[in-house]
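# Remarks on the overall topology
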Amino acid sequence: MPGPSGDIDPQVAGRIRLVVLDVDGVLTDGGVYVGARPGQDAIELKRFDIQDGLGIKMLRWAGIEVAIVSGRVSEATSWRAAELGIDECHQDPGARKLPIVQKMLDDRGLGWDEAAMVGDDLADLPILERVALPVAVSNAVPEVHAVSRWTTGVPGGRGAVREFARALLTARGEWDRLVRQYCDDRS
Ligand SMILES: [Mg+2]
C-alpha cells in the first residue's frame, strides 16, 4: 500500500487550531447501505473506522478542535459525531460548506491560516482552497488532489483520518508524548 505524499510544514502544523473533516469518502469509504422493508422507513448504514476515532481524540488532546461538515444529512453521521464528542457536526443538504466553516472561524476569532481540512470531492474545494493545510484522501477526485498539500496513503474509511492525525501531531512534535500519555493513563 502506498504511503502518504507531500510534506506537512511544522510551522503550518503548529498554527492549526481547527481540523474540518468531510464524512462520505473521508470518514467512510463513500458507500452507503440503504435497506427497507415494505411499508417501513428506510435505514441508512455507514461504516466508520475505529482507528479514526482515536486519532480524532488525540487531535483534541493536543488542543485542536475537530469539526464535521457534510454535504449529506444522515442520522448515522449524527450518531458517530455524538459518540466521538464532536459538538460541531454540520450537515447541509445543499453541500454549502464554506459559510459553515467561515462562521466557525469567526466565532472563534480564527483565520483560515489556522485551519486544516480533509476532503475527497468537489463540495470540499471551497474550503480546501482557503485553509492553510488542505489534505486529500487517496481516493479523492483529481480536483481535490490538485489543491492539496498532503495526501493520505490509505483511502477514506480505512484509517485516512488517523493517518493524517498522526502526521499532523508528529509535525507538531506532539505525537510521541500523546501516545505515552495514552498508555500511562491506562497502566
Ligand atoms: Mg465526501
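A quick note: this is a predicted structure, and the numbers were derived from the prediction, not measured.

## Describing the pattern of salt bridges
Oppositely charged side chains are able to pair whenever their charged atoms sit close together. Summed over the entire model, instances satisfying the criterion amount to 13 salt bridges. We note a salt bridge from Arg 72 to Glu 44, for which the minimum N-O separation is 2.9 Å. Of this pair, Arg 72 sits in the loop between strand 5 (65-70) and helix 3 (75-83) while Glu 44 sits in strand 4 (residues 43-45), placing them 28 residues apart in sequence. Taken together, the shared-partner salt bridges connect Asp 24, Glu 44, Lys 46 and Arg 72 into one network.

## Brief notes about the packing of helix 2 (residues 50-61) against helix 7 (residues 160-171)
Remark: helix 2 packs on helix 7, axes separated minimally by 7 Å, with the N-to-C direction vectors making an angle of 30°. When the axes of helix 2 and helix 7 are compared, the pair comes out roughly parallel. As helix 2 packs across helix 7, the resulting crossing turns out to be left-handed. From helix 2, Gln 51, Asp 52, Leu 54, Gly 55, Ile 56, Met 58 and Leu 59 reach across to helix 7, where they touch Ala 160, Val 161, Arg 162, Ala 165, Leu 168 and Leu 169. Grouping the constituent residues of the contact of helix 2 with helix 7 by class yields nine nonpolar, two polar and two charged.

## As for the packing of aromatic side chains
In this structure the tally under the stated criterion is two aromatic pairs. Plain terms: the ring middles of Trp 61 and Tyr 182 are 6.1 Å apart, the flat faces sit at 35° to each other, and that makes the pair tilted. Here the residue Trp 61 occupies a position in helix 2, and Tyr 182 occupies one in helix 8 (residues 175-185), the gap between them amounting to 121 residues. Between the aromatic rings of Trp 150 and Phe 164, the centroid separation amounts to 6.0 Å while the plane-to-plane angle is 50°, which identifies the pairing as tilted. With Trp 150 in strand 9 (residues 150-151) and Phe 164 in helix 7, this pair connects stretches of sequence that are 14 residues apart. Each member of the pair, Trp 150 as well as Phe 164, carries the same accessibility label: buried.

## Focus: the sheet that holds strand 2 (residues 18-21)
Strand order in this open sheet of seven strands is 1-9-8-7-2-5-6, and the pairing throughout is mixed. Two strands close off the open sheet at either side, each with one partner strand: strand 1 (5-6) and strand 6 (89-91). Pairing between strand 5 and strand 6: three bridges, direction parallel. Among the inter-strand pairings, Ser 70 is bridged to a residue of strand 6, identified as Gln 91. Against the sheet, helix 4 (residues 98-108) engages strand 2, strand 5, strand 6 and strand 7 (115-119), with an angle of about 155° to strand 5.

## What about the coordination of the magnesium ion?
Looking at the metal site, the magnesium ion is ligated by Asp 22 (OD), Asp 24 (O) and Asp 120 (OD), spaced 2.0 to 2.2 Å from it. Positions of the donor residues of the magnesium ion along the chain correspond to the pattern D-x1-D-x95-D. Pair noted here: Asp 22 is in the loop between strand 2 and strand 3 (33-35) and Asp 120 is in the loop between strand 7 and helix 5 (125-128), with a separation of 98 residues, a long-range link. The exposure classification of Asp 22 matches that of Asp 120, with both residues buried.

## Comments concerning a nonpolar patch on the surface
Together, Tyr 33, Ile 43 and Leu 45 give the surface a local cluster of nonpolar side chains, amounting to about 330 Å² of exposed area. Examined against the element boundaries, Leu 45 turns out to sit in strand 4.

Calculation rules
Residues numbered from 1 in each chain as written. Predicted model: local features only at pLDDT ≥ 70, side-chain atom pairs only at ≥ 80, totals over all residues. Heavy atoms only, no water. Salt bridge = Lys/Arg side-chain N within 4 Å of Asp/Glu carboxyl O. Helix = DSSP H or I, 4+ residues; strand = E, 2+ residues; numbered from the N terminus. Axes fitted to C-alpha atoms, helices over the stretch in contact; angles between N-to-C directions. Parallel < 35°, antiparallel > 145°, perpendicular 65-115°, else oblique. Left-handed = near helix turned anticlockwise from the far one by under 90°. Contact = heavy atoms within 4.5 Å. Nonpolar A, V, L, I, M, F, W, Y, C, P; charged D, E, K, R; others polar. Phe/Tyr/Trp six-rings, centres within 6.5 Å; stacked < 30°, edge-to-face > 60°. Buried < 20%, exposed > 50% of the residue type's maximum accessible area, 1.4 Å probe, protein only. Pairing = 2+ DSSP bridges. Donors = N, O, S within 2.8 Å, 3.2 Å for Na, K, Ca; no water. Patch = residues over 30% accessible without salt bridge, like charges linked within 9 Å, V, L, I, M, F, W, Y side chains within 5 Å. Areas by Shrake-Rupley, 256 points an atom, 1.4 Å probe, with all protein chains shown as cover.

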